[in-house]
Amino acid sequence: MKTGVHRIGIMGCGKIFPAYMRGLARFEHLEVVHCADIISERALLGHQQYGIPRWGGPDDLLDDEEVEIVLNLTPPTTHMEVSWAALEAGKHVYSEKPITTDLGDANRLLALAEAKGLALGAAPDTFLGSWGATSRAIVDSGLLGEIVGATAFAAHNRVETWHPEPTFLFKPGGGPSLDRGPYYVTALVNLLGPVAEVSGMSRMGPPQRLVTAPNRLVDVVDVEIPTHATGLLRFASGVVATVVFSSDVWATEAPHIELYGTEGTLSLPHPNWFDGDVRIKGTSRDAEWQTVPPVVPVGAQRGEGIADLVASFDGRQARTSAVLARHVLEVLLALGRSAQERAFVSIQSRCERPVWVDLPCPTWPVPDDQSSAGCQLGGGES
Ligand SMILES: NC(=O)c1ccc[n+]([C@@H]2O[C@H](COP(=O)([O-])OP(=O)(O)OC[C@H]3O[C@@H](n4cnc5c(N)ncnc54)[C@H](O)[C@@H]3O)[C@@H](O)[C@H]2O)c1
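Bear in mind that the values here come from a model prediction, so they are computed numbers and not experimental data.

A.B. asks: Would you explain the environment of alanine 155 in this entry?
C.D. replies: Inspection of the secondary structure puts alanine 155 in the loop between strand S7 (147-154) and helix H7 (175-192). Under the relative-accessibility criterion, alanine 155 is labelled partly exposed at 22%. Here the alpha-carbon distance between alanine 155 and valine 249, two residues 94 residues apart in the chain, equals 5.2 Å. Those residues within four positions of alanine 155 in sequence are excluded, and the remaining contacts are Arg180, Ser246, Val249 and Thr252.

Given below as C-alpha cells:
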C-alpha cells in the first residue's frame with residue numbers, strides 16, 4: 001500500500017459522480033478505492049467505468065477499513081444520514097452542498113465530528129479556483145476602498161433540460177436557494193466575512209416542471225417549494241448585499257456577483273465554476289473595465305475541496321470547513337424563514353473568512369502605463 005495516500009469511498013454514484021472522478025484523478029495522494037449507491041447497478045457502473053477496486057451498497061463502504069474519507073454525493077435530504085453514519089463509522093467526511101437541509105442537523109453533525117476528532121468539510125469548493133483566489137487578493141489588498149454593497153444573481157440553471165432526475169431540486173431541501181445559493185453566499189463570505197442578518201421574499205413559479213433531459217427518468221415534477229427567492233444580507237462588516245436565487249429567470253443580463261467599493265467595482269464570473277474573468281473598474285468616469293490576471297493557476301476541478309480537507313490533517317485550517325458550510329446554510333434557510341414570517345432574521349452562527357496562505361498581490365497592466373498596476377486602482381476624477 002502506497003504511503004501518504006488518502007483513500008476515499010464515494011457514497012452516491014449519480015450525475016455529479018463522473019466530475020469528481022475526473023477531478024480527483026489529478027491528485028496523486030487521493031485514491032478512490034470504493035464506490036457505493038443504494039442502486040447497486042450505479043455503483044457497479046462506477047467500478048466498470050473508472051476501475052474503482054470495490055463497489056457495493058452503503059454498508060459495504062462503511063465496513064471497508066481502507067476507506068479513510070467518505071465523499072457524500074447523495075441528494076441533499078440524504079446528506080445528514082449518510083454523513084452521520086460515516087462519522088459514526090470513524091471516517092472523515094466531505095459532503096456535497098448543502099451540508100444538510102436543516103440547521104439543527106448541521107449543528108449535530110459538527111458536534112459529532114468534533115467529539116470523534118474527525119474532519120468534516122463541505123462543498124462548494126469552486127471558490128478555491130482562480131476567480132476565488134483573485135477576487136480575495138483584490139479585496140484583501142484594499143483596492144476597492146471601503147466595500148459598501150454587493151449583489152449576487154443566480155438565474156435558472158435549466159436543470160430540467162440536463163438532469164435525468166431533477167425531482168429533489170423542486171421539493172423541500174431543494175430549490176434555487178439551497179441548490180445554487182451555497183456557491184454565491186460562500187463566495188460572498190469568502191470576500192466579506194460572516195452575515196449578521198437577512199430578510200427575504202419568495203414565490204413559486206409554475207407548479208409543474210417538464211423534464212426534457214434526453215436520458216430522463218421522470219417526465220414531470222410537481223413543485224412544492226418557492227422557485228424564485230430574493231433577499232437582503234447585512235454582513236457583520238456592515239456591507240449590504242442584494243441576492244436573487246431563481247429557477248424562473250430563463251434569461252438575464254444581471255451580473256453573477258459584484259462588489260461595490262468607494263474606490264471601484266469588482267465583477268466576478270459564474271461561481272459554479274473554478275475559473276472565469278475577474279473584472280475591476282475604478283471610480284473615474286472614463287475608467288475601463290479591466291480583467292485581472294489570475295493570481296493562481298487555472299484548471300482546478302471538483303475534488304479541490306477534499307484536497308483542502310486533507311491538507312487540514314497537518315494542522316492547516318480547511319477553507320471548505322463545515323463551520324463555513326453551516327453558516328452559509330443558516331443564511332440560506334433564514335432567507336426562507338424571513339419570507340414566511342415577514343421579518344428580519346438574525347444569524348446566530350459566525351465563521352471567520354477562510355484562511356488563504358501566501359495569496360499573491362494582484363497585478364495587471366493599465367492603459368496609460370503599461371507597467372503593472374500592482375496594488376492600486378487609481379480612482380481619478382469622477
Ligand atoms: N448534478 C450536478 O451538476 C451537481 C453539481 C454540484 C453539486 N451537486 C450536488 O451533488 C449531490 C448529488 O447530486 P446529483 O445531481 O449527482 O444527484 P443524483 O440524484 O444524480 O445522484 C445521487 C445518487 O445518490 C444515490 N443515493 C441516494 N441515497 C443514498 C444513500 N443513502 N446511500 C448511497 N447512495 C444514495 C442515488 O441512488 C443516486 O445515484 C447533491 O448534493 C447536489 O447538490 C450536483
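A.B. asks: Can you walk me through the sheet that holds strand S1 (residues 6-11) in this structure?
C.D. replies: Each strand in a sheet pairs with another by means of backbone hydrogen bonds, the pair being arranged parallel or else antiparallel. A sheet is described by the order of its strands in space; here six strands give the open sequence S3-S2-S1-S4-S5-S6, paired in parallel fashion. In the strand order of this sheet, the two ends are held by strand S3 (54-56) and strand S6 (120-122), each with one partner. Across the sheet, the axes of successive neighbouring strands diverge by a mean angle of 25 degrees, strand direction being ignored. Judged from the six bridges that link them, S1 and strand S2 (residues 30-36) form a sheet pairing that is parallel. Bridging from a neighbouring strand, histidine 6 pairs with leucine 30 of S2. Running over the sheet, helix H8 (residues 304-311) touches S1, S2, strand S4 (69-72), strand S5 (92-95) and S6 and is turned about 150 degrees from S5.

A.B. asks: What am I meant to see in empty space enclosed by the protein here?
C.D. replies: To locate leftover empty space, one rolls a probe as large as a water molecule over the atoms. Applying the stated criterion to the full structure yields two cavities of 30 Å³ or more. Considering the residues around the largest cavity, the lining is formed by 15 residues, among which Ala123, Pro124, Pro182, Ala325 and Val328 are closest to the centre. Among the elements that take part in the lining of the largest cavity, helix H9 (residues 322-341) stands out by supplying five residues, more than any other. Its volume calculated, the second largest cavity comes out at about 40 Å³. Surrounding the second largest cavity, Asn157, Val159, Leu169, Phe170, Gly175, Pro176, Asp179, Arg180 and Ser247 form its lining. Each residue belonging to the lining of the second largest cavity can be placed in one class, and the counts come to four nonpolar, three polar and two charged.

A.B. asks: Hey, could you run me through the sheet that holds strand S16 (residues 290-291) in this one?
C.D. replies: The nine strands lie next to each other as S16-S15-S14-S13-S7-S12-S11-S8-S17, forming an open sheet whose pairing is mixed. At either end of the open sheet lies a strand with only one pairing partner, and these are S16 and strand S17 (345-346). Bridging between S7 and strand S12 (residues 240-246) involves six bridges; their strand directions are parallel. Bridge pairing in S12 links alanine 150 to alanine 241. Along the sheet, H7 makes contact with S7, strand S8 (195-203), strand S11 (228-235), S12, strand S13 (257-261) and strand S14 (264-268), crossing S12 at roughly 155 degrees. Packing against the sheet, H9 makes contact with S8, S11, S12 and S17, and its axis sits at approximately 45 degrees to S8.

A.B. asks: Teacher, can you tell me more about the packing of aromatic side chains here?
C.D. replies: The geometry of an aromatic ring pair is captured by the separation of the ring centres together with the interplanar angle, meaning the angle of the planes. Evaluated as defined, the whole model comprises three aromatic pairs. Where phenylalanine 127 meets tryptophan 356, the ring centres are 6.4 Å apart and the plane angle is 75 degrees; that geometry is what we call edge-to-face. Of this pair, phenylalanine 127 sits in the loop between S6 and helix H6 (130-141) while tryptophan 356 sits in the loop between S17 and strand S18 (365-366), placing them 229 residues apart in sequence. Residues phenylalanine 127 and tryptophan 356 agree in their burial class; the two are buried. Directly above the aromatic system of tryptophan 289 lies the positively charged group of arginine 279, at a separation of 4.7 Å from the ring centroid. Above the ring of tryptophan 356, the side-chain terminus of arginine 319 is found at 4.4 Å from the ring centroid.

A.B. asks: I keep staring at H7 and nothing clicks. Help me out?
C.D. replies: Each full turn of the α-helix corresponds to 3.6 residues, which orients residues three or four apart in the same direction. End to end, H7 covers 25 Å across 18 residues, agreeing with the expected 26 Å (1.5 Å per residue, within 8%). At glycine 181, H7 is bent by approximately 60 degrees, the largest bend along its length, and proline proline 182 sits one to four residues beyond.

A.B. asks: Is there a simple way to explain the nonpolar core in this structure?
C.D. replies: Side chains of nonpolar character tend, in soluble globular proteins, to be buried together. Ile99, Leu188, Leu233 and Leu259 are the most contacted members of the largest nonpolar core, which totals 72 residues. Structurally, this core is a two-domain feature, drawing no fewer than three residues from each of domain 1 (6-122) and domain 2 (129-296 + 329-346). Of all hydrophobic cores here, the second largest spans 24 residues; its members include Ile8, Ile52, Ala307 and Val310.

A.B. asks: Explain the domain arrangement of the protein here, please?
C.D. replies: If you check the domain split of the protein, you get domain 1 (6-122) and domain 2 (129-296 + 329-346). Each of domain 1 and domain 2 was reduced to a C-alpha centroid, and the two centroids are 26 Å apart. Counting residues at the interface gives 13 residues for domain 1 and 14 residues for domain 2. Summed over both partners, the interface of domain 1 with domain 2 buries about 1,000 Å², with 73% contributed by carbon and sulfur atoms. On the domain 1 side of the interface with domain 2, the three residues burying the most area are Lys15, Lys97 and Leu103, jointly 51% of the side's total. Aspartate 179 is paired through a salt bridge with lysine 97; the nearest N and O atoms lie 2.7 Å apart. One can count one residue pair in polar contact (both at pLDDT 80 or more) joining domain 1 with domain 2. Split into classes, the residues belonging to the side of domain 1 that touches domain 2 amount to six nonpolar, three polar and four charged.

Reading the values: rules and limits
- Residues numbered from 1 in each chain as written.
- Predicted model: local features only at pLDDT ≥ 70, side-chain atom pairs only at ≥ 80, totals over all residues.
- Heavy atoms only, no water.
- Helix = DSSP H or I, 4+ residues; strand = E, 2+ residues; numbered from the N terminus.
- Buried < 20%, exposed > 50% of the residue type's maximum accessible area, 1.4 Å probe, protein only.
- Contact = heavy atoms within 4.5 Å.
- Pairing = 2+ DSSP bridges.
- Axes fitted to C-alpha atoms, helices over the stretch in contact; angles between N-to-C directions.
- 1 Å grid on protein atoms, 1.4 Å probe; cavity = no way out; pocket = protein on both sides within 12 Å on 5 of 7 lines; lining within 4 Å.
- Points joined across faces, edges and corners; volume = space filled by probe spheres on them.
- Nonpolar A, V, L, I, M, F, W, Y, C, P; charged D, E, K, R; others polar.
- Phe/Tyr/Trp six-rings, centres within 6.5 Å; stacked < 30°, edge-to-face > 60°.
- Lys NZ or Arg CZ within 6 Å of the ring centre and 35° of its normal.
- Expected span 1.5 Å × (residues − 1).
- Bend = angle between axes of the 7 residues up to and from the residue.
- Core = buried A, V, L, I, M, F, W, Y, C linked by side-chain atoms within 4.5 Å.
- Domains from an automatic or database assignment.
- Buried area = accessible area lost by both parts, 1.4 Å probe.
- Salt bridge = Lys/Arg side-chain N within 4 Å of Asp/Glu carboxyl O.
- Polar contact = N/O pair within 3.5 Å; in protein donor to acceptor, adjacent residues only side chain to side chain.

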